[in-house]
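Below are the chains, spelled out letter by letter.
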Amino acid sequence: MNTLLQKMSMALLAAACVTSVAQAQEFKMGFVNTERIFREAATAKQAQAKLEQEFSRREKELVETGNSLKLASEKFERETPTLSESQRTARQKQLIDQDREFQRKRREFQEDLNARKNEEQQIVVERANRAVKQVAESEKYDVIFQEAVYINPKHDITEKVIKALNASAAK
């Protein structure tokens, strides 16, 4: 019984020592707001501009096609009472085919845009992660969080990361 008591006392003493040593060392943590990085970092803005330039022509064509399809549909609605049954059926089939083709092109556009957006975002994420690691190592952070329900603003290092990211993009 005595040895059991001695072992428990030694374990408690060891735990107290470990706790006091851990408390003596400063634990440094930070938080990064990834949404803000995607909004404010030069790399993210360049990626967005690149996507806009790459897809603007196709988007403009889709808008024009959609507008002309809408006008053709409105014209068909106005003229329906004066058309023969065969003319009405032919025009209706033509509008349905045009709409189907428009929807297909719009879907393809959206899929292509999403794929390219994901590629560009992945590049930004990789660069941002390198910038986070650079800031963490240079300022001796123990842990950096990207998601949190609440964070005290004093732990937010997003501005430092954006500056590091912009500096690396400028090189």
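Residues numbered from 1 in each chain as written. Predicted model: local features only at pLDDT ≥ 70, side-chain atom pairs only at ≥ 80, totals over all residues. Heavy atoms only, no water.

### Quick look at the pattern of salt bridges
Point 1. Within the structure shown, the criterion is met by 15 salt bridges.
Point 2. Salt-bridge contacts for E85 lead to R88; the nearest nitrogen and oxygen are separated by 3.7 Å. Placement of both E85 and R88 in helix α4 (residues 85–138) is noted, with a separation of 3 residues, approximately one turn of the helix.
Point 3. Taking the relative accessible area as the measure of exposure, R88 reaches 26% and is therefore partly exposed.
Point 4. For E139, the salt bridge identified is with K160, shortest N-O distance 2.8 Å. Of the two residues, E139 is situated in the loop between α4 and β2 (143–145) and K160 in helix α5 (residues 158–170); the sequence distance between them amounts to 21 residues.
Point 5. Classification of E139 by relative accessible area gives partly exposed; the value is 27%.
Point 6. When its relative accessible area of 36% is taken as the criterion, K160 is described as partly exposed. (Salt bridge = Lys/Arg side-chain N within 4 Å of Asp/Glu carboxyl O. Helix = DSSP H or I, 4+ residues; strand = E, 2+ residues; numbered from the N terminus. Buried < 20%, exposed > 50% of the residue type's maximum accessible area, 1.4 Å probe, protein only.)

### Quick look at unusual backbone geometry
Point 1. Positive phi is not limited to glycine here, since K140 has a value of about 60°.
Point 2. By secondary structure assignment, the location of K140 is in the loop between α4 and β2.
Point 3. What makes K140 exposed here is its relative accessible area of 64%.

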